[in-house]
Amino acid sequence: PLSWTPARRCSPSPPPRTRAFGRSSRTRCVRMNSSIARARWRDDARRRDEALDAYVARVVEARAPRASDVGAMIVASARAGIERGRARRGEAVSREARMAAAKARGDAATAFNAAISAYNRMGMSESCVALMEMMRDALDVAPDVVTYALCASVLTREGRLRDAEATLERASEALRRGTRPNRKQKKRAKNDDEWSMVVLRDSDGIAAVVKPAGVLTHPVEGGGSELTLMDAALSRFDGQLSDLNGLDKRGIVSRLDKPTSGVVLLAKNNASHAELLTQFYQRCVVKQYCALLDGTLPASGSESTPLDGRSATSEYEVMETFIGPSWSYSLVRVEPKSGRKHQIRRHMALLGAPLVGDPLYRTARTKQINPNPPECVLKALSVGKPGTIFWLHASAVEYSGMPNGERIVVSAPLPSAFETLLASLRAGARDE
């Protein structure tokens, strides 16, 4: 266990547990590192690059195999691992065998989703539905929200609306996770009246709205009683939001961090939710962000450092630079090509220009940038606790509308506080 590192989390077996002898700090550290490593190993089945989807699509389009043959290959590769986790008469199943079986199920679900997505791209609904049935019947692997969305979206595009509706009903019943039927009515927070929901577009079951900075996208465990974007949307649209992702995430297809502002797409029914989720899974949604960074960068560039063991790419363009006597800031436009957790924050920090106010991903070197910030920055950051205020705004989203697939671009202007800070930096830079 002492030599085992998270870099080996793709190994066929998980790291063994560490026995704790005494309560020394070294023992506690080893136990903690081992627990983190095991948690990362358990999540490895879900840590798959979306390039798999594109690769399977190319193979399927080139060779056009039958869905039954594709499913049979996936079943054959996963069955051995799953069988390890099944108890035999008079024998106990080891923890390692159970975890190996869980990993095999996760790998099989990922492969099935990639194959279903490939047939979805080609408009072959029968193959999509056949693969979904096979993953459940042959391996006892439960379809997830992506599986149902891929099948329902292709059925809708082919005009099989009754079959699509039946698939979404099955999904809604099977995916009731996170539902709290006795959830108490949220109390109104102190700042509930300080913002009202701005609707940028509301058409064909998809609403594009603006999330203010400092507002949660949806309720979270331990999140208190503060108003969330989902709560405001339920009130604004009279409860007409999809429940495909659970009642605590009504209408939510993708989310923004609490300090991030900007455009969020909401699904008003399960059919539009399935279509949007399919577009996100197949990377057909284009997103642009504006970010204020500490320091300066070249005029344009990209960062492709993998994050959490998965490929990730962010392209940026410097829109404006602010240079003062002892400080420098950059306003950049960023287009993430993937959707990793905190991707922009982490990639900008790796480039040596972290987000203003974001302490999470700074190194010893980047902590020394702008040691004496101007008064306008100090005042802007003093509004909240450290780490709760940074300047990242989802400025535009491009997606395919329903039902004709027309490309739609929705944009949101910078918040007034963001604009005020930029104006102060411009004034400070001119004075120098």
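Residues numbered from 1 in each chain as written. Predicted model: local features only at pLDDT ≥ 70, side-chain atom pairs only at ≥ 80, totals over all residues. Heavy atoms only, no water.

Undergrad: I keep staring at the overall build of the protein and nothing clicks. Help me out?
TA: In terms of helices and strands, the protein carries 12 helices and nine strands. Burial analysis of the protein (432 residues in total) assigns 46% to the buried set. With an accessible surface of roughly 22100 Å², the protein has 51% of that area assigned to carbon and sulfur atoms. (Helix = DSSP H or I, 4+ residues; strand = E, 2+ residues; numbered from the N terminus. Buried < 20%, exposed > 50% of the residue type's maximum accessible area, 1.4 Å probe, protein only. Areas by Shrake-Rupley, 256 points an atom, 1.4 Å probe, with all protein chains shown as cover.)

Undergrad: What am I meant to see in the pattern of salt bridges here?
TA: Pairing is possible between side chains that carry opposite charge, provided their charged atoms lie close to one another. Taken as a whole, this structure holds 19 salt bridges when the rule is applied. A salt bridge links arginine 362 to aspartate 294, with the nearest nitrogen and oxygen atoms 2.6 Å apart. On the criterion of sequence distance, the pair formed by arginine 362 in the loop between α10 (343-350) and α11 (375-381) and aspartate 294 in strand β4 (residues 286-294) is long-range, its members being 68 residues apart. According to the relative accessible area criterion, aspartate 294 is buried, its value standing at 5%. (Salt bridge = Lys/Arg side-chain N within 4 Å of Asp/Glu carboxyl O.)

Undergrad: Which parts of the structure should I look at to understand unusual backbone geometry?
TA: Among all residues save glycine, negative phi is the norm, and among peptide bonds the norm is trans. Non-glycine residue aspartate 140 carries a positive phi angle of around 60 degrees. Tracing the backbone shows aspartate 140 in the loop between α5 (125-137) and α6 (145-157). Positive phi is not limited to glycine here, since aspartate 238 has a value of about 55 degrees. Relative to the helices and strands, aspartate 238 resides in the loop between α8 (229-236) and β3 (261-267). What makes aspartate 238 exposed here is its relative accessible area of 65%.

Undergrad: How should I be thinking about the packing of aromatic side chains in this particular structure?
TA: Pairs of aromatic rings are described using the distance from one ring centre to the other and the angle between the two planes. Counting across every chain of the model gives two aromatic pairs. An angle of 40 degrees between the planes, with centres 5.7 Å apart, marks the rings of tryptophan 327 and tyrosine 329 as tilted. Assigned by exposure class, tryptophan 327 and tyrosine 329 land together as buried. (Phe/Tyr/Trp six-rings, centres within 6.5 Å; stacked < 30°, edge-to-face > 60°.)

Undergrad: Would you explain the nonpolar core in this entry?
TA: Buried together is how nonpolar side chains tend to be arranged in soluble globular proteins. Ranked by internal contacts, the top residues of the largest apolar core, which has 49 residues, are Phe112, Ile116, Leu131, Leu139 and Tyr399. Among the elements that make up this core, the one with the highest residue count is α6 (eight residues). Setting aside residues up to four positions removed in sequence, leucine 139 forms contacts with Val75, Ala78, Arg79, Ile82, Arg105, Ala108, Phe112 and Met134. Residues Ala207, Val209, Ala232 and Tyr289 belong to the second largest nonpolar core, which totals 28 residues. (Core = buried A, V, L, I, M, F, W, Y, C linked by side-chain atoms within 4.5 Å. Contact = heavy atoms within 4.5 Å.)

Undergrad: Help me understand the environment of methionine 230, please; the structure alone is not making it clear to me.
TA: With respect to the helices and strands, the residue methionine 230 is situated in helix α8. Residue class for methionine 230 comes out buried when judged on its relative accessible area of 1%. A sequence separation of 11 residues divides methionine 230 from leucine 241, and the C-alpha atoms of the two residues are 9.0 Å apart.

Undergrad: Teacher, can you tell me more about α8 here?
TA: Quick reminder: α-helices carry 3.6 residues per turn. Residues three or four places apart thus point the same way. Of all the positions in α8, only Leu229, Met230, Asp231, Ala232 and Ala233 are classed as buried. Buried residues belonging to α8 abut β2 (206-211) and β3.

Undergrad: Looking at this model, I keep getting lost on helix α4 (residues 95-121). Mind explaining?
TA: Relative to the 39 Å expected for 27 residues at 1.5 Å per residue, α4 spans 39 Å between its end C-alpha atoms, a close match to the ideal helical length. Extensive coverage of α4 is indicated by the burial of 20 of its 27 residues. Phi for glycine 123, located one or two positions after α4, is positive at around 75 degrees. (Expected span 1.5 Å × (residues − 1).)

Undergrad: I keep staring at the environment of lysine 211 and nothing clicks. Help me out?
TA: Mapped onto the elements, lysine 211 comes out in strand β2. A C-alpha to C-alpha distance of 9.8 Å links lysine 211 and proline 259, two positions 48 residues apart in sequence. Those residues within four positions of lysine 211 in sequence are excluded, and the remaining contacts are Thr217, Leu229, Leu256, Asp257, Lys258, Thr260, Ser261, Gly262 and Val264. A polar atom in the side chain of lysine 211 sits 2.6 Å from the backbone oxygen of valine 215. (Polar contact = N/O pair within 3.5 Å; in protein donor to acceptor, adjacent residues only side chain to side chain.)

Undergrad: Even after reading the chapter, I still don't get the confidence of the model for the protein, so can you show me in this structure?
TA: Atomic detail in the predicted coordinates should be set aside for any region of low pLDDT. Here the protein shows a mean pLDDT of 80. Residues at 70 or above account for 77%. Note that pLDDT drops below 50 for residues 180-194; the model gives that stretch 18 contacts with residues more than four away or on any other chain. (pLDDT = per-residue confidence, 0-100.)

Undergrad: Looking at this structure, how should I read the packing of α6 against helix α9 (residues 270-281)?
TA: If you want to describe how two helices pack, look at the angle between their axes and the distance between the axes. Where α6 contacts α9, the two axes come as close as 8 Å, and the packing angle between them is 110 degrees. On the basis of their axis angle, the class for α6 and α9 is roughly perpendicular. Considering how the two elements wind past one another, α6 and α9 form a crossing that is left-handed. Between α6 and α9, the contacting residues are Val145, Val146, Ala149, Leu150, Ala152, Ser153 and Arg157 on the first element and Ala274, Glu275, Leu277, Thr278 and Tyr281 on the second. Taken together, the residues that form the contact of α6 with α9 break down as eight nonpolar, two polar and two charged. (Axes fitted to C-alpha atoms, helices over the stretch in contact; angles between N-to-C directions. Parallel < 35°, antiparallel > 145°, perpendicular 65-115°, else oblique. Left-handed = near helix turned anticlockwise from the far one by under 90°. Nonpolar A, V, L, I, M, F, W, Y, C, P; charged D, E, K, R; others polar.)

Undergrad: Is there a simple way to explain the side chain of serine 242 in this structure?
TA: Within the element layout of this structure, serine 242 appears in the loop between α8 and β3. According to the relative accessible area criterion, serine 242 is buried, its value standing at 1%. If we ignore the near neighbours within four places in the chain, the residues touching serine 242 are Arg250, Gly251, Ala267, Lys268, Asn269, Asn270 and His273.

Undergrad: Please clarify how the pairing of strand β6 (residues 314-323) should be interpreted in this entry.
TA: Side-chain positions along a regular strand alternate between the two faces of the sheet. In the sheet, strand β5 (residues 300-303) pairs with β6 via four bridges, with the strands oriented antiparallel. Each residue of the ladder has a partner; that of serine 300, found in β6, is glutamate 317. Pairing of β6 with strand β7 (residues 328-336) involves nine bridges; the strand directions are antiparallel. Bridged to threonine 321 within β7 is serine 330. Between β6 and β7, which pair antiparallel and follow one another directly, the connecting turn spans four residues. (Pairing = 2+ DSSP bridges.)

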